[in-house]
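# Structural overview for review
Okay, here's what each chain looks like letter by letter:
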There are 2 protein chains.
Amino acid sequence: MDSVCPVLLHAHTVYIATHVSPDGDAIGSSLGLALALGALGKRCTVACADPAPPPVSGLPGAKMIVAHPPSNQDVIVVLDTGDVSRLGSLYTPESFSGRPVINIDHHLSNTRFGTINIIDAQAAAVGEMVHTLVVAMGVPLNSMIATCLLTAIVTDTIGFRTSSTTPNVLRTAAALMEAGASLTDIVQQSFESRPLPVLRVWGDVLSNFHARNGVAWATISRQLLELHGVKDDEIKGLVNILRGTQGIVVSALIMESTDGTVKVEFRSNGQVNVAAIAIALGGGGHRAASGCTMKAPLAEVEQRVLDEINKQLRP
Amino acid sequence: MDSVCPVLLHAHTVYIATHVSPDGDAIGSSLGLALALGALGKRCTVACADPAPPPVSGLPGAKMIVAHPPSNQDVIVVLDTGDVSRLGSLYTPESFSGRPVINIDHHLSNTRFGTINIIDAQAAAVGEMVHTLVVAMGVPLNSMIATCLLTAIVTDTIGFRTSSTTPNVLRTAAALMEAGASLTDIVQQSFESRPLPVLRVWGDVLSNFHARNGVAWATISRQLLELHGVKDDEIKGLVNILRGTQGIVVSALIMESTDGTVKVEFRSNGQVNVAAIAIALGGGGHRAASGCTMKAPLAEVEQRVLDEINKQLRP
């Protein structure tokens, strides 16, 4: 972070952008950094092309997130974003030129699009990297910064359950708790607050999913979602449950969206690189967690997903 | 732990006992303490009236666990056990007399049956207390001790998700990882390795459970378990999913056992004391997690459980 600190400390105004379909790490790390820079007197704009979903829609500053490209800010910071295309409508070549672009990310596939690139594929969450940056800038943690960063870490590690969870992640989380973040609240909001209709969909999927040759998969049709009045973005964590079936090394959840596309989530036990599977299908992600969006009928997507998994599993 | 160290350091032989129907904390903390005392040259016997279940059946030393009362050991240590009745066949008044009985526990309801009682209801797991003891005795951690104690902590906090998870719990876990325990392996074995038939039972329960006035509950009949070839002790974690339904403050999972009894598990969001509910029905536990065993038909147990919850919720 040595190269980043002076650039940020000299800036008066900072534009912080993160990826479309933002998750807890995208929003939590962006708001945490904005609050920390705010404590140093900088004026920050946090931007995301899509709205922040629950549970992060309730984080401090979430209501101030904008969806437009940068204007005349001194510095641009892009967080948790492997490629500028993932910024959606925030990115235009013109608006991103003529000033430092600080690219802070933990995606292995990051395209190093910044003028300064801090890429740490070992980091469990960008929230962990932002914590290091905040400490390096000498900003004392407060409960708002800590809540944003702990939310980032807890959501991206699925509550310290991913293989990316290191002793440093746990010590960072301990420090953030001591600064005033409530782990209990964050865990409850992130993982333990599912609408009843969502659990009915879970019930249907768990009763019917397929498990064969180390692969567990399920499809979720619009019909099933509409039957229970559930939106596709409310289905979270289920792909991890499928992955946790005994003897399963890869799981896939294949779901029809309202916009006519089919979203696919992949998880692996770490032995298989599901980023490669997602990239082959036009998506991206990490070794143990990845995803893609496809435009084809559900049954066709299911077949292509299974073919691609089999290629990766039995090359 | 100041009163415990000299007693243990002077002993040559130690009998370590834990409760019937042992969980990860009972077995993990017992084996961790035995390994640590073994490193000091003590001869230890670990005892439990019931066999260690997966995932803890694979912990170092688990194969050596006995099911008989103490013989002539110098000191008795009882771990994670609120009352001697919970030792089952290990306890006889004669075999527990005439030598120090060290009672180390984190149950609020502990009856202080020891000659030395170290009761810390704030501790997330007895494994956390044993870690403090091991450090206080000057035993260097190794990967076997660390694996046992981290398993104890991870299982009792449901992977750092209970409200008992403090910064100290996270730092202890970080230290245990650095001593060689694999958090990934422990998490996978504890939470992410469910047989497919168990997930089919989950599917049925999530499709059919009741949720009303802040209470979520489900019954699991022997018929359902036998349909899928599942044993009642394989159903773990489901009561937490029920508790995580939006708007739910208390959950209960009511399950027919092979032995003709009905087992009930309770969880709360911390606002409601489910220990009181379980105690009223002849069981015990903690504020946010408790349980009881009843001998009555499933429908009758369901009614008594709901009555007792309502008494506690709306006194």
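Residues numbered from 1 in each chain as written. Chains lettered and ligands numbered in written order. Predicted model: local features only at pLDDT ≥ 70, side-chain atom pairs only at ≥ 80, totals over all residues.

Now for the interface of chain A and chain B. Interfaces are often sized by the amount of accessible area the parts lose when they come together. With 35 residues of chain A at the contact, the number on the chain B side is 35 residues. Those elements that provide at least two residues to the side of chain A that touches chain B are α5 (167-178), α6 (183-191) and α7 (196-208) of chain A. With eight residues, the top contributor of residues to the side of chain A that touches chain B is α7(A). Grouping the constituent residues of the side of chain A that touches chain B by class yields 15 nonpolar, twelve polar and eight charged. (Contact = placed C-beta atoms within 7 Å. Helix = DSSP H or I, 4+ residues; strand = E, 2+ residues; numbered from the N terminus. Nonpolar A, V, L, I, M, F, W, Y, C, P; charged D, E, K, R; others polar.)

Before going further, it helps to examine the environment of Leu176(B). Residues and elements named next belong to chain B. Residue placement: Leu-176 occurs in helix α5 (residues 167-178). Taking the C-beta count within 10 Å as the criterion, Leu-176 has 31 such neighbours and is therefore assigned buried. Ignoring any residue separated from it by four or fewer positions in sequence, one finds Leu-176 in contact with Leu-141, Ala-146, Leu-149, Leu-150 and Ala-181. (Buried ≥ 20, exposed ≤ 12 C-beta atoms within 10 Å, placed from the backbone.)

Quick look at the relation of the copies chain A and chain B now. The transform that puts chain A on chain B rotates by 180 degrees and translates by 0.0 Å along the axis, for an RMSD of 0.0 Å. With respect to symmetry, the two chain copies, as superposed, fit the operation of a two-fold axis. By C-alpha distance to the rotation axis, the residue of chain A lying nearest is Gly203(A), at 2.0 Å. The fraction of interface residues of chain A whose copies in chain B are also interface residues reaches 100%, indicating that both copies meet through the same surface. (Least-squares fit on C-alpha atoms with pLDDT ≥ 70 in both.)

Let's shift gears to the pairing of strand β2 (residues 43-47) of chain A. For a regular strand, side chains alternate in direction, first toward one face of the sheet and then toward the other. When strand β1 (residues 13-18) of chain A meets β2(A), the two strands line up parallel, connected through five bridges. Considered in β2(A), the bridge of Val14(A) is made with Cys44(A). (Pairing = 2+ DSSP bridges.)

Okay, the nonpolar core next. Ile16(A), Val77(A), Leu150(A), Ile16(B), Val77(B) and Leu150(B) are the most contacted members of the largest nonpolar core, which totals 136 residues. Counting residues in hydrophobic clusters, the runner-up holds 80 residues, among them Val201(A), Trp202(B), Val239(B) and Val262(B). (Core = buried A, V, L, I, M, F, W, Y, C linked by C-beta atoms within 7 Å.)

An α-helical segment advances 3.6 residues per turn. Residues three or four places apart therefore align on the same side. Helix length check: α7(A) (13 residues) gives 19 Å between terminal C-alpha atoms against 18 Å at 1.5 Å per residue, within 8%. Where α7(A) is concerned, the buried positions are Val198(A), Leu199(A), Val201(A), Trp202(A), Val205(A) and Leu206(A). Taken down its axis, α7(A) places every buried residue within 155 degrees of arc, on the same side. Where α7(A) is buried, its residues meet β7 (215-220), α8 (222-228) and α9 (238-243) of chain A together with α7 (196-208) of chain B. (Expected span 1.5 Å × (residues − 1). Arc of directions from axis to C-beta.)

All names here are of chain B. Mapped onto the secondary structure, Ala-124 falls in the loop between β5 (116-119) and α3 (126-136). Ala-124 sits 162 residues away from His-286 along the chain, and the two C-alpha atoms are 11 Å apart. Not counting chain neighbours up to four residues away, the residues in contact with Ala-124 comprise Ile-153, Asp-156, Thr-157, Thr-162, Ser-164, Thr-165, Thr-166 and Val-169.

Our next topic: the domain arrangement of chain A. Residues and elements named next belong to chain A. Parsing chain A into structural domains produces domain 1 (4-191) and domain 2 (196-313). Using only C-alpha atoms to locate each centre, domain 1 and domain 2 end up separated by 27 Å. Contacts between the two partners involve nine residues from domain 1 and, on the opposite side, eight residues from domain 2. (Domains from an automatic or database assignment.)

Further remarks concern the sheet that holds strand β6 (residues 210-212) of chain A. All names here are of chain A. Spatial strand order, β6-β7-β8-β9-β11-β10: six strands in an open sheet with mixed pairing. Unpaired on one side and paired on the other, β6 and β10 (284-285) mark the two borders of the sheet. In the sheet, β10 pairs with strand β11 (residues 289-294) via two bridges, with the strands oriented antiparallel. Bridging from a neighbouring strand, Gly-285 pairs with Ser-290 of β11. Of the strands in this sheet, β7, β8 (250-256), β9 (262-268) and β11 are in contact with helix α11 (residues 298-313), which crosses β8 at around 160 degrees. (Axes fitted to C-alpha atoms, helices over the stretch in contact; angles between N-to-C directions.)

Turning our eyes to something else, we now look at the packing of helix α4 (residues 143-156) of chain B against helix α6 (residues 183-191) of chain B. Residues and elements named next belong to chain B. It is the contact of α4 with α6, at a shortest axis distance of 10 Å, that shows an interaxial angle of 50 degrees. Classified by the interaxial angle, the pair formed by α4 and α6 is oblique. Considering only the axes of α4 and α6, their crossing is right-handed. When α4 is examined against α6, the residues Leu-150, Thr-151, Val-154 and Thr-155 are found in contact with a partner set consisting of Leu-183, Ile-186, Val-187 and Ser-190. Broken down by class, the residue content of the contact of α4 with α6 amounts to five nonpolar, three polar and no charged. (Parallel < 35°, antiparallel > 145°, perpendicular 65-115°, else oblique. Left-handed = near helix turned anticlockwise from the far one by under 90°.)

With that settled, consider the environment of Ala211(A). With respect to the helices and strands, the residue Ala211(A) is situated in strand β6. Placed 166 residues apart in sequence, Ala211(A) and Thr45(A) show a C-alpha to C-alpha distance of 46 Å. Not counting chain neighbours up to four residues away, the residues in contact with Ala211(A) comprise Ala216(A), Thr245(A), Ile248(A) and Leu196(B).

Further remarks concern unusual backbone geometry. All names here are of chain A. Of note, the bond from Pro-54 into Pro-55 is cis; its omega dihedral lies within 30 degrees of zero at 5 degrees. Relative to the helices and strands, Pro-55 is located in the loop between β2 and β3 (75-79). Even without a glycine there, the phi angle at Ser-21 is positive, about 45 degrees. Structurally, Ser-21 is set in the loop between β1 and α2 (24-39). Even without glycine at this site, Asp-80 takes up a positive phi of about 60 degrees. Among the residues examined, Asp-80 registers 28 C-beta atoms within 10 Å and is labelled buried.

Compared with an ideal rise of 1.5 Å per residue, which puts 14 residues at 20 Å, α4(B) spans 20 Å between its outermost C-alpha atoms and is within 8% of the ideal. With 13 of its 14 residues buried, α4(B) lies for the most part within the structure.

This part covers the packing of helix α4 (residues 143-156) of chain A against α5(A). All names here are of chain A. Put simply, α4 and α5 touch, their axes get as near as 9 Å, and they point 150 degrees apart. Taken together, the axes of α4 and α5 lie roughly antiparallel to each other. Read as a crossing pair, α4 and α5 show a hand that is left-handed. Across the interface between the two elements, Ala-146, Leu-149, Leu-150 and Ile-153 of α4 pack against Val-169, Thr-172, Ala-173 and Leu-176 of α5.

Turning to the sheet that holds strand β4 (residues 101-105) of chain A, a few remarks are in order. Residue and element names in this part refer to chain A. Read across the open sheet, the five strands follow the order β2-β1-β3-β4-β5; overall the sheet is parallel. Bordering the open sheet on either side are β2 and β5 (116-119), each of which pairs with just one other strand. Taken pair by pair, the neighbouring strands of this sheet meet at an average axis angle of 15 degrees, ignoring direction. Across the sheet, α2 lies against β1, β2 and β3, angled at about 170 degrees from β1, the strand it touches most.

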